Amino acid sequence: VYKRQIKNNYPEGTKMAIIQGVPGYITDQRTQIETHKANGMDVVTVQYANFDRVQGFDVTQRLLQAYPDVEIILAANSYMTLGAAEAVAEAGRTDIDIFGAGGILEELDGILAGRIKAAWLRDPLDMGLGAAEAIIKHLEGKTEEIQLSFNVPIRVVDSYETIVEYVNPATYTGMGREFPPPRP
């Protein structure tokens, strides 16, 4: 998801650490290690944090010790991103860009506060709508009209403006928060 953004905004040789969920194909697809290497990034380490915030924090603390010159941390889900952001902040580092995946509210708050560079997201309401439409067709006996798969666009949010443009307002209002969120 970030391959063009990173390639276009960071010079070759930029040191990148990747935090994945669990070893396997889906996790590997999410972080696109080989693409980042082909685009000139120096992937200094790939760690696993089981899609967990605390493990994301612990892994990041260790990688900051082992690779103090890391410039980018790419995490494969929101919770690991939040753990990484906490560890980077605790270390007093402001020179590391953190890229996340998922776009949960706390991650969006991190973007607005400048602790997280960007996050990709799929609108969960669009995903739910697609599932609901398939269920209705099934109940109506129109199974031949049900799509076997459907895509919800992936959006990258990296600023107040992109949050307002791409995030469904119900993501905020459904949690009792105002939308658009207050400007930082």
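Please refer to the structure higher up on the page.
Predicted, not measured: the structure shown is a model, and the values here were computed from it.

Draft legend 1. View of the overall build of the chain. Per the secondary structure count, the chain includes 9 helices and 6 strands. Taken along the three principal axes of its C-alpha coordinates, the chain extends 60 × 40 × 30 Å. Residues counted as buried form 40% of the 184 residues belonging to the chain. Summarising the internal contacts of the chain: among those between residues at least 6 apart in sequence, 68% fall at separations of at least 24. Entry remark: accessible area of the chain is about 10100 Å², with carbon and sulfur atoms responsible for 51%. Of the charged side chains in the chain, 17 are positive and 25 negative; the average position of the first set lies 3 Å away from that of the second.

Draft legend 2. Highlighting helix H7 (residues 124-139). For H7, which comprises 16 residues, the first-to-last C-alpha distance of 22 Å matches the rise-based estimate of 22 Å (1.5 Å per residue) to within 8%. Of the residues flanking the end of H7, it is Gly141, one or two places downstream, whose phi is positive at about 80°.

What counts and what doesn't
Residues numbered from 1 in each chain as written. Predicted model: local features only at pLDDT ≥ 70, side-chain atom pairs only at ≥ 80, totals over all residues. Heavy atoms only, no water. Helix = DSSP H or I, 4+ residues; strand = E, 2+ residues; numbered from the N terminus. Buried < 20%, exposed > 50% of the residue type's maximum accessible area, 1.4 Å probe, protein only. Contact = heavy atoms within 4.5 Å. Areas by Shrake-Rupley, 256 points an atom, 1.4 Å probe, with all protein chains shown as cover. Lys, Arg positive; Asp, Glu negative; His and termini not counted. Charge placed at Lys NZ, Arg CZ, Asp CG, Glu CD. Expected span 1.5 Å × (residues − 1).

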